Amino acid sequence: MQAQNPECKGSNQNRILFDFKVHSRQRGTTYCINATPEKQNEYTLQAGEVHGITEGTAFDVYSDRLAITTLGSVVAIETNAFTSQCSALDNASFSLVQPAYAIQTHVREEADIRLFIEPNDAFRDLFTLLNKYNALSSKRSLYLVDNEMDHPDLVIRTHEGLAKIEIKDPICCHHGLTYMPFNGVRAEDSAFLFSILRSAAHFYWYLRHPKQNGSLAQNVRIECLEVKPTGGLTDDLEEIFQPKQDGKNRLTGGMISINMDDNAIYGYEIRNISQTPLYLALFYFDISDLSIGECRKNLFPSVNVDRVEFSLPAMGCLNIGFGDGGWPPRRYFLRDGQNVDVGFLKLYVSTKYVDYSGIAQTTPFRHQRVGYTLDKKRSHWDSLTIPIIQRFNNEMVK
C-alpha cells in the first residue's frame, strides 16, 4: 500500500535510522554533533535538557559511529530542551565538516545522588570501588558526603553483618518509609552493594530530573481511577476494564493515597486542556526497590521522528489501564513486613518526540517484587511527579 510505512521491530527499533541517538558497542550512548554555522569553534549537540544534558557536561567527539577515530572534546555551555551548544574543551578547537558522534565523559556533581556510608571495615572494598568508579566513569557519579547532616539521599549502615539502606527522602520519611525492605545483603558483599548504588544513582537522577520553571505540564490533567473488568475481551483476548461508577479521583492535593485493604486495580485518565498536541511517557518509580516501570511510553517512530503520531491530541484524552488505551491497569501491594510503601508516578510531556527508552530499569535486588503490571516552531518539554502512598490503614499521617 502506498500509505504504508515499513516497520522495524526489536529492542533497538528506535535507533540510528530513526533519531539522533546512536549506540556504540564499546562505550554506550552517543549523540550526533555538528559544527554551528557562523560560530567559530562552537558545535551543536543533538541532545538537550530532556536527555539529561546540563551545562558543564563534557563529551569526546568521534568521526565514526564505532568511536574509533577521536576528533577532540567539547563541553556544553548552553542547553535547550532538545539541543545543546558546545565549545571545544580547553580551547582545543577542531574542524568538523560533517556530522560526527559525541560520547558523554563527564557530568556535573549536583545532578547525582548523595550517599553517606557508615565508616566500617566491612565497607572498605565498597569505598574503593566507589572512588575508582567516580574517577573513571562517564555515568552518574555517586557523591559521598561526610556525615548525615550533609543531606544524603541514602544512608548505608551495618547491622549484624548485613547492610541496611536508609531512605532519606522527605516524603518517604513523613509517611513512615525509612528503610528499603531487603535484609539479605551482606555488608562485605561490596560488588552487590556497588551494583545497588549504581542503580540508585540512575533512579534518583531521573526521579529528580525536572524542567526548571516549566509550564507545559500545567496543560495536563490526571485522574487516578479504580477500574473493574467489563467481562469483555479485546481482539487479542485481553480483558477490557472500565472505571467504577463512583468515578472517584484518587489524586487529591498532588498525591495519590491507596488503601491496600481494598485490593483494587487502577487506571489513569490524562487530559490535554490546551490547543497543542503532546507526546507523553508515564513511569512508576518504586523507591523501595529502585525499579522504574513503564506505565506508558512514546510509540517508536516507524520511519523518522517527524512522523510519530502524538500521544495526546489537542483538547484530547488518553486512558491508561482501561478502555482502548492499550496498556494494562496497575495493582499496588506491600511487601512482606511493610505497613507502608511510597512510589512516584512521573509524567513526561513534550511537543517534540523524545526517546525515553533509557529510563526504565529493573530492581538491582535479587528478590524482585512480583505481581504488579505495570519545523521552525519552538519545541518544549516538561515533567510532573506525583507521590503514591500505599498503606493498609489509609488514615492520613499527622
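Quick note: structure is the one above.
Residue numbers here run from 1 along each chain, matching the order of that chain's written sequence. For this predicted model, a pLDDT threshold of at least 70 governs which residues receive local features, and a threshold of 80 or more governs which side-chain atom pairs are given and counted, while totals over whole chains, interfaces and linings are taken from all residues. Hydrogens are left out, water is left out, and the side-chain values use all remaining heavy atoms of the structure.

Participant: Just checking my understanding: could you explain the environment of E160 for this structure?
Facilitator: We count a stretch as a helix when DSSP gives it H or I for four or more residues in a row; a strand needs E for two or more, and each element gets its number in order from the N terminus. Summarising the element assignment, E160 is placed in the loop between β10 (154-159) and β11 (162-167). The classification of residues rests on relative accessible area computed with a 1.4 Å probe and restricted to protein chains. Under 20% of the type maximum is buried, over 50% is exposed, and intermediate values are partly exposed. The exposure class of E160 is exposed, given its relative accessible area of 73%.

Participant: So what exactly am I meant to see when it comes to the environment of P99 here?
Facilitator: Examined against the element boundaries, P99 turns out to sit in the loop between β6 (84-88) and β7 (100-106). Distance from P99 to D64, taken between C-alpha atoms, is 9.3 Å for residues 35 residues apart in sequence. Contacts of P99, omitting those with residues within four sequence positions, involve I33 and N34. The contact definition used throughout considers only heavy atoms, calling two residues in contact when any of these lie within 4.5 Å.

Participant: Explain the sheet that holds strand β8 (residues 113-117) here, please?
Facilitator: Hydrogen bonding along the main chain pairs the strands of a sheet, whether they run parallel or antiparallel. The 4 strands lie next to each other as β9-β8-β10-β11, forming an open sheet whose pairing is mixed. Whereas interior strands pair on both sides, the edge strands pair on one side only; in this sheet they are β9 (142-144) and β11. If you compare each strand with its neighbour and ignore which way they point, the axes differ by 35° on average. Strand direction decides the pairing type here: β8 and β9, joined by 3 bridges, are parallel. Considered in β9, the bridge of R114 is made with Y143. To get an axis, fit a line to the C-alpha atoms, keeping to the stretch in contact for a helix; angles then go from 0 to 180 degrees between the N-to-C directions. Those strands touched by helix α3 (residues 190-208) are β8, β9, β10 and β11, and its axis lies near 145° from that of β8. Whether two strands pair comes down to DSSP finding at least two bridges between them.

Participant: I tried to follow unusual backbone geometry on my own but got confused; where do I start?
Facilitator: Of note in this structure, A67 is not a glycine but carries a positive phi near 55°. Overall, A67 belongs to the buried group, its relative accessible area being 15%. The phi torsion at N91 lies on the positive side, around 60°, for a residue other than glycine. Looking at the element boundaries, N91 is found in the loop between β6 and β7.

Participant: Mind showing me how you'd approach the pattern of salt bridges here?
Facilitator: Pairing between side chains of opposite charge can happen when their charged atoms approach one another. Salt bridges, as used here, are contacts in which a Lys or Arg side-chain nitrogen is within 4 Å of a carboxyl oxygen on Asp or Glu. With the rule as written, the count across this model stands at 11 salt bridges. Here E148 makes a salt bridge to R157, at a shortest N to O gap of 2.8 Å. Here E166 makes a salt bridge to K168, at a shortest N to O gap of 3.2 Å. Residue classification places K168 among the partly exposed positions, given a relative accessible area of 29%. Connected through salt bridges with shared partners, the residues E148, R157, E166 and K168 form a single ionic network.

Participant: What should I look at first to understand the nonpolar core in this one?
Facilitator: Proteins that are soluble and globular tend to have nonpolar side chains buried together. Ranked by internal contacts, the top residues of the largest apolar core, which has 51 residues, are L142, L154 and F285. Looking at this core, the elements with two or more residues in it are β8, α1 (124-136), β10, β11, α3, β17 (279-286) and β21 (340-350). For this core, the element with the highest residue contribution is α3, accounting for 12 residues. What F285 contacts, discounting residues up to four positions off in sequence, is F203, Y206, L207, S291, I292, G343, F344, K346 and I359. Formed by 28 residues, the second largest nonpolar core is a distinct cluster that contains M260, L282, L318 and V349. Here, the term nonpolar core denotes a set of buried Ala, Val, Leu, Ile, Met, Phe, Trp, Tyr and Cys residues that are joined through side-chain atoms within 4.5 Å.

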